[in-house]
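# Structural description and commentary
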Amino acid sequence: MNWDDTTDATPDTERLVGSVADGEDQAVEAALRPKDLGEFIGQEKVREQLDLVLRAARARGATADHVLLSGAPGLGKTTLSMIIAAEMGAPIRITSGPAIQHAGDLAAILSSLQEGEVLFLDEIHRMSRPAEEMLYMAMEDYRVDVIVGKGPGATAIPLELPPFTLVGATTRAGLLPPPLRDRFGFTAHMEFYEPAELERVIHRSANLLDVEIDPQGAAEIAGRSRGTPRIANRLLRRVRDYAQVKADGHITRDIAGVALGVYEVDGRGLDRLDRAVLAALIKLFGGGPVGLSTLAVAVGEERETVEEVAEPFLVREGLLARTPRGRVATPAAWAHLGLTPPQQTRGTSGQGDLFGA
């Protein structure tokens, strides 16, 4: 149960297997978040490294180094930021890159920080360039220059800042400029979770939610959770609802399977949109290659929805391939839909020419 909050509303929030948190998710997550590194499940290397950084800072009586956390939504970036603050015995202030559109916005936040405070900046890659340049000096020298006036008469007033720890979170680390990345003393990439780790997440959440679940039921939910704790907890809540209404409240493998079938989440974690993309690609276009815009029209969705919401998981699962000529269904995608691929694609990666010799 390690997740992170996201400030942007996207089509992903409407999906049961979406990794973006809506209002309900955020409320539940607040109650289920682990409070220290010992409770945090998964991300073993990150936890070990971060523990050393925080212990060393406490031993020196200093603020912790600035921390950059990258990875997909729902893996625990916000949770880790709160744990950093708790471990350092410091308050935390949370904001986001899109909310900081001017250097003055950032200056107002920085100037009100207390000594040792943790500033969590979500989606840091979406901060405006002027604010970003101000952040360089704040992170390195703990001061900012506030510009007063305009034109030739403008003057820069240096403003000293108390030592603080910046925790930046991003889903796209490659969009961060090198000067900003270089100012973080510790960087970590959050990996997707293994099923066994998600089972531990589900058992812990079930205990906190007072839900009875057996190991097979937890394994069934974990296998459909796309390697993401936030999705695992959301599926657990929906299966809990089904078990309370249709059964005796106890979650078994059969109950979990039937419940997730009602919500159209299959054994590999694909939902209606994912299967619609694969079905259109295979049944309408013979497995591809086909252009993204054409594929989006075929499933009745926007191009961005298919590209940013459905495709990443399908590619990661080896069900869809992106090629210079367009999207191609792999043999695994044909098998998942219970279909037999054409002879040309058998034994290939799915990227061959389906229409040539």
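Residues numbered from 1 in each chain as written. Predicted model: local features only at pLDDT ≥ 70, side-chain atom pairs only at ≥ 80, totals over all residues. Heavy atoms only, no water.

### Details of the pattern of salt bridges
Summed over all chains, the structure comprises 17 salt bridges. Of the charged contacts in the structure, one is a salt bridge between R226 and D274, with a shortest N-O distance of 2.2 Å. With a gap of 48 residues between them, R226 in the loop between α8 (215-223) and α9 (229-246) and D274 in helix α11 (residues 272-284) connect regions that are remote in the sequence. Residue classification places R226 among the buried positions, given a relative accessible area of 8%. Note on D274: relative accessible area 0%, which makes it buried. Among the salt bridges present, the one from R268 reaches E317, with a minimum N-O distance of 3.2 Å. With R268 in the loop between α10 (253-262) and α11 and E317 in the loop between α13 (303-316) and β8 (320-323), this residue pair connects regions lying 49 residues apart in the sequence. Residues joined in a network through salt bridges with shared partners are E220, R224 and R253. (Salt bridge = Lys/Arg side-chain N within 4 Å of Asp/Glu carboxyl O. Helix = DSSP H or I, 4+ residues; strand = E, 2+ residues; numbered from the N terminus. Buried < 20%, exposed > 50% of the residue type's maximum accessible area, 1.4 Å probe, protein only.)

### As for the packing of aromatic side chains
By the definition in use, this model includes 1 aromatic pair. With 5.6 Å between their ring centres and 80° between their planes, Y142 and F164 make a pair best called edge-to-face. Separated by 22 residues along the polypeptide, Y142 in the loop between α5 (129-141) and β4 (143-148) and F164 in the loop between β5 (155-160) and β6 (165-170) bring together distant segments of the chain. Over the ring of F313 we find R226, and its NZ or CZ is 3.9 Å from the ring centre. Between R316 and the ring centre of F192, over which it is positioned, the NZ or CZ distance is 3.6 Å. (Phe/Tyr/Trp six-rings, centres within 6.5 Å; stacked < 30°, edge-to-face > 60°. Lys NZ or Arg CZ within 6 Å of the ring centre and 35° of its normal.)

### Here's the deal with the nonpolar core
With 45 residues, the main nonpolar core has L50, L80, I202, I213, I221, V239 and I251 as its most contacted residues. Of the residues forming this core, the biggest block, 7 residues, is contributed by α9. Beyond its immediate sequence surroundings of up to four residues, V239 is in contact with I221, I251, I255, A256, A259 and L260. (Core = buried A, V, L, I, M, F, W, Y, C linked by side-chain atoms within 4.5 Å. Contact = heavy atoms within 4.5 Å.)

### Topic: the packing of helix α4 (residues 103-111) against α5
Here α4 crosses α5 at 35°, and the two axes come no closer than 8 Å. On the side of α4, the interface is formed by A103, L106, A107 and L110, while α5 contributes P130, A131, M134, L135 and A138. Among the residues forming the contact of α4 with α5, the class breakdown is 9 nonpolar, no polar and no charged. (Axes fitted to C-alpha atoms, helices over the stretch in contact; angles between N-to-C directions. Nonpolar A, V, L, I, M, F, W, Y, C, P; charged D, E, K, R; others polar.)

### Some words on the side chain of E311
Among the structural elements, E311 can be located in helix α13. A polar contact is formed between the side chain of E311 and the side chain of R322, at a distance of 2.8 Å. In contact with E311, not counting residues within four places along its chain, are L292, V306, L320, R322 and R327. (Polar contact = N/O pair within 3.5 Å; in protein donor to acceptor, adjacent residues only side chain to side chain.)

### Concerning the packing of helix α7 (residues 195-208) against α9
Where α7 meets α9, the axes come as close as 10 Å, and the angle between the chain directions of the two elements is 45°. Between α7 and α9, the angle is such that the two are oblique. Handedness of the α7/α9 crossing: right-handed. Across the interface between the two elements, L198, V201, I202, S205 and A206 from α7 touch P229, A232, N233 and L236 from α9. Of the residues belonging to the contact of α7 with α9, the class tally is 7 nonpolar, 2 polar and no charged. (Parallel < 35°, antiparallel > 145°, perpendicular 65-115°, else oblique. Left-handed = near helix turned anticlockwise from the far one by under 90°.)

### Quick notes on a nonpolar patch on the surface
A cluster of nonpolar side chains, V258, V262 and Y263, forms an exposed patch at the surface whose accessible area comes to about 260 Å². Along the chain, Y263 turns up in the loop between α10 and α11. (Patch = residues over 30% accessible without salt bridge, like charges linked within 9 Å, V, L, I, M, F, W, Y side chains within 5 Å. Areas by Shrake-Rupley, 256 points an atom, 1.4 Å probe, with all protein chains shown as cover.)

### Regarding α7
With 14 residues, α7 extends 20 Å between its outermost C-alpha atoms, agreeing within 8% with the 20 Å of an ideal straight helix rising 1.5 Å per residue. For α7, every residue scored as buried is listed here: E197, L198, V201, I202, R204, S205 and A206. Looking one or two residues past α7, D210 carries a phi angle of roughly 60°, positive in sign. (Expected span 1.5 Å × (residues − 1).)

### Focus on the sheet that holds β6
Strand order in the open sheet formed by 5 strands is β2-β3-β6-β1-β7, with parallel pairing between adjacent strands. Of all the strands in the sheet, just β2 (92-96) and β7 (186-189) have a single pairing partner and so form its edges. The sheet shows a mean angle of 15° between the axes of neighbouring strands, direction not considered. Both strand β1 (residues 67-70) and β7 contribute to a ladder of 4 bridges, which runs parallel. The partner of L69 across the bridge, within β7, is A188. (Pairing = 2+ DSSP bridges.)

### A look at the pairing of β8
Where β8 lies against strand β9 (residues 326-329), 4 bridges are found, and the strand directions are antiparallel. What sits directly across from R322, in β9, is R327. As consecutive antiparallel partners, β8 and β9 are separated by 2 residues.

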